[in-house]
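Examination of the molecular architecture
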Amino acid sequence: MIQTIATTPYTDQKMGTAGLRRKSKVVLQPNYIENFMQSIFNVIGNLRNKTFVVGGDGRFYNDKAIQKIIKMAAANGVAKLIIGQNGFMSTPAGSNVIRKNKADGGFILSASHNPGGENGDFGIKYSNASGGQIPSSVSDKIYQQTLSLKEYKICDIPDIDLSKPGVQDVCGMKIEVIDPVKDYVDMMQNIFDFDALKKLFQSGFTMRFDAMNAVTGPYALKIFEEILGAPKGSVVNAVPLQDFGGLHPDPNMVYAKELVDFMYSEHAADFGAANDGDGDRNMILGKKFFVTPSDSLAILTDNFSLIPAYKSGIYGVAKSAATSTAVKRVAEAHAIGYYEVPTGWKYFVNLMDSKRITFCGEESFGTGSSHIREKDGIWAVLFWLSIIAATGKSVEQITREHWQKYGRSYYVRFDFEGVDTDLADKLMEDLESKLPMLQGKTFSGYTVSDAGAFVYNDPVDGSSTKNGLIIRFTDGSRIVYRLSGTGSSGATIRVYLERFSKTNLDDDPLKMLTEIFKIAMSISEIPERTGKHQADVIT
Ligand code: G1P
Ligand code: ZN
């Protein structure tokens with residue numbers, strides 16, 4: 001039954017910030033998935049006795065791709081696959097299943113927060129035995145392999161039924177279909193005080209969780225409505241759909257519009273939250289109140305002692321360089337370790353494995369802890385609910401009191417999308433070369449303290465990564481420029497702005513950052529070079 005099929009390489013299978021992400025139409029090309037998967041299997045080598053976890057966010061082509069992966073894994077001699085029922089598994093749940101079963105790695109089929117469907121995006125994230133995505137040193141090897149691939153192996157068998165939990169034998173390989181929700185719920189129950197959360201809902205507390213027609217619907221229904229007793233209907237858009245019902249499952253003020261409108265209306269719940277396509281991102285809202293992800297990381301870190309799993313202490317905290325420095329002040333106050341890494345969750349993995357950090361987060365709506373090696377949307381929601389349950393305070397009160405204690409980092413990200421790739425590369429190159437000359441210069445009252453590329457030297461494996469450019473000012477304000485590594489076509493230039501105030505706590509972020517935005521534009525020449533005078537997305 002094992003066939004060896006000749007193929008020709010694709011030259012575009014290089015992984016980005018989080019795995020391979022392409023337009024669905026690209027992935028539908030003959031042998032596209034097969035080439036990519038065979039390249040991974042070749043790089044892993046010796047697959048006998050190896051177990052992998054497979055699942056996805058249910059988007060278009062998930063079902064087909066999973067069947068291909070099963071048949072190829074069997075043909076390549078993999079011992080066992082653990083697969084989510086009907087092929088579903090969120091990214092955080094997958095990380096947990098890998099770790100719990102001591103599997104050798106796993107594949108989550110998702111393009112995360114990118115739209116799905118035939119005209120949307122598709123993706124594959126590959127994790128190793130840590131439950132976290134592979135480091136660049138491995139993805140580089142896989143990319144090299146894709147460029148010279150000549151053949152792939154596949155079992156010629158009918159599609160496998162994944163609709164019922166249980167074990168079956170496929171072409172000499174074992175398949176275990178599991179309920180993707182159960183293990184995840186058990187893990188959350190071991191971290192948080194579910195009784196305290198039940199009491200919160202018994203007291204009449206209301207929430208709305210928007211699963212955005214993506215993978216977290218079944219997890220959220222189970223945890224919030226069934227177990228914790230949130231009123232029926234608290235979880236909306238709870239059925240995962242292949243095209244996410246046309247939604248762009250990116251939980252931010254722009255794309256989670258339905259939730260934002262509700263939370264800013266007269267009927268708002270006490271608490272609002274949304275997750276992205278594969279369940280690793282989260283957005284937190286109070287009544288007519290939005291918590292920036294950077295602030296959320298700082299607030300969760302400051303409140304670690306309220307959570308049973310972290311009560312006895314945390315190792316430290318890390319953030320991506322682009323994320324605001326709010327959490328740095330918390331780390332200093334608690335005298336815990338503090339790290340800044342490049343953008344992408346994979347850079348946190350070594351820090352968690354070596355017990356340097358417990359919490360980590362990114363401005364892009366990602367927060368998590370060392371319970372797994374991916375960010376975790378529902379975990380963040382449960383953490384916020386736990387703070388509310390323990391303090392009796394609202395989201396807004398908790399955040400405002402945090403600012404009073406630590407000061408406030410006004411923070412906004414501007415995305416310039418659909419930029420020509422060569423133009424964007426050249427813009428960044430020219431910008432980098434002029435940064436050293438800016439030191440000591442003053443722009444509209446802001447004096448540059450230092451400027452240059454952000455270079456991260458991993459304290460664990462010694463690898464060095466360059467990611468983005470940073471201009472720091474003497475008052476603590478910062479401008480960060482980066483090119484996105486998750487898009488499926490063209491380039492996106494991200495500009496992240498931050499300004500700190502110890503006393504002015506109730507101002508409008510865009511207003512507070514007006515001057516710095518002008519400085520960021522004039523130094524980089526983005527408007528002149530791209531023709532864009534405004535960002536396409538502001539978050
Ligand atoms: C984006 C976010 C980044 C996140 C990644 C995966 O990557 O900015 O923080 O880790 O998605 O969710 P980018 O497109 O900026 O490379
Ligand atoms: Zn995601």
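Throughout what follows, the structure given in this document is the object of discussion. (Residues numbered from 1 in each chain as written. Chains lettered and ligands numbered in written order. Predicted model: local features only at pLDDT ≥ 70, side-chain atom pairs only at ≥ 80, totals over all residues. Heavy atoms only, no water.)

**Quick word on the environment of Arg373**
When you line up the elements, Arg373 lands in the loop between strand E18 (366-369) and helix H13 (377-391). When the C-alpha atoms of Arg373 and Asp461 are compared, they prove to be 17 Å apart, with 88 residues separating the residues in sequence. Excluding residues within four positions of it along the chain, Arg373 makes contact with Ser95, Arg99, Ser130, Gly131, Gly132, Trp345, Val349, Met352 and Asp353. Among the polar contacts listed, one links the side chain of Arg373 to the side chain of Asp353, at a separation of 2.7 Å. For Arg373, the side chain forms a polar contact with the main-chain oxygen of Ser370, separated by 2.9 Å. (Helix = DSSP H or I, 4+ residues; strand = E, 2+ residues; numbered from the N terminus. Contact = heavy atoms within 4.5 Å. Polar contact = N/O pair within 3.5 Å; in protein donor to acceptor, adjacent residues only side chain to side chain.)

**Focus on the sheet that holds strand E17 (residues 359-362)**
Ordered by their spatial adjacency, four strands build an open sheet running E16-E15-E17-E18, and the pairing between neighbours is mixed. Each having just a single partner strand, strand E16 (337-341) and E18 make up the two edges of the open sheet. Going from strand to strand, the sheet's axes swing by 15° on average, the running direction of each strand aside. Bridging between E17 and E18 involves four bridges; their strand directions are antiparallel. Directly across from Gly361, in E18, lies its bridge partner Thr367. Taken strand by strand, helix H11 (residues 326-334) contacts strand E15 (316-320) and E16, and its axis lies near 155° from that of E16. (Pairing = 2+ DSSP bridges. Axes fitted to C-alpha atoms, helices over the stretch in contact; angles between N-to-C directions.)

**So, the side chain of Lys125**
Relative to the helices and strands, Lys125 resides in strand E6 (residues 121-128). Judged by relative accessible area, which is 2%, Lys125 ranks as buried. Side-chain polar atoms of Lys125 contact the side chain of Asp278, separated by 2.6 Å. Residues within four places of Lys125 in sequence aside, it is in contact with Ala18, Gly19, Arg21, Thr91, Gly106, Phe107, Ile108, Ser110, Gln133, Asp278 and Asp280. (Buried < 20%, exposed > 50% of the residue type's maximum accessible area, 1.4 Å probe, protein only.)

**Re the site of ligand 1**
Inspection of the region around ligand 1 gives 15 residues, with Thr17, Ser364, Gly485, Thr486 and Arg494 positioned closest. Residue Glu362 places a side-chain N or O atom 2.6 Å away from an oxygen atom belonging to ligand 1. Side-chain polar atom of Lys375 to an oxygen atom of ligand 1: 2.9 Å apart, as the coordinates give it. For the shell around ligand 1, the residue count by class is no nonpolar, eight polar and seven charged. (Near = heavy atom within 4 Å. Nonpolar A, V, L, I, M, F, W, Y, C, P; charged D, E, K, R; others polar.)

**Quick look at the sheet that holds strand E11 (residues 235-236)**
Across the sheet, five strands lie side by side as E11-E10-E12-E13-E14; this open sheet has mixed pairing. Each edge of the open sheet carries a strand with a single partner, namely E11 and strand E14 (289-291). Pairing of strand E13 (residues 282-286) with E14 involves three bridges; the strand directions are antiparallel. Bridge assignment links Ile284 to a residue of E14, and that residue is Val291. On the sheet, helix H14 (residues 395-406) packs against strand E12 (271-275), E13 and E14 and is oriented at approximately 55° with respect to E14.

**Some thoughts on the state of the cysteines**
Following the criterion strictly, the structure yields one disulfide and no others. The disulfide bridge from Cys155 ends at Cys171, spanning 2.0 Å between sulfur atoms. Looking along the S-S bond of the Cys155-Cys171 disulfide, the torsion reads about -80°, which is the left-handed sense. In this pair, Cys155 sits in strand E7 (residues 151-155) while Cys171 sits in the loop between strand E8 (166-170) and strand E9 (173-178), placing the two residues 16 residues apart along the sequence. Like Cys171, Cys155 is buried. (Disulfide = S-S within 2.5 Å.)

**So, helix H3 (residues 62-75)**
Between the first and last C-alpha of H3 there are 20 Å, a value that for 14 residues agrees with the 20 Å anticipated at 1.5 Å per step. By the burial criterion, the buried members of H3 are Asn62, Ala65, Ile66, Gln67, Ile69, Ile70, Lys71, Met72, Ala73, Ala74 and Ala75. Looking one or two residues past H3, Gly77 carries a phi angle of roughly 90°, positive in sign. (Expected span 1.5 Å × (residues − 1).)

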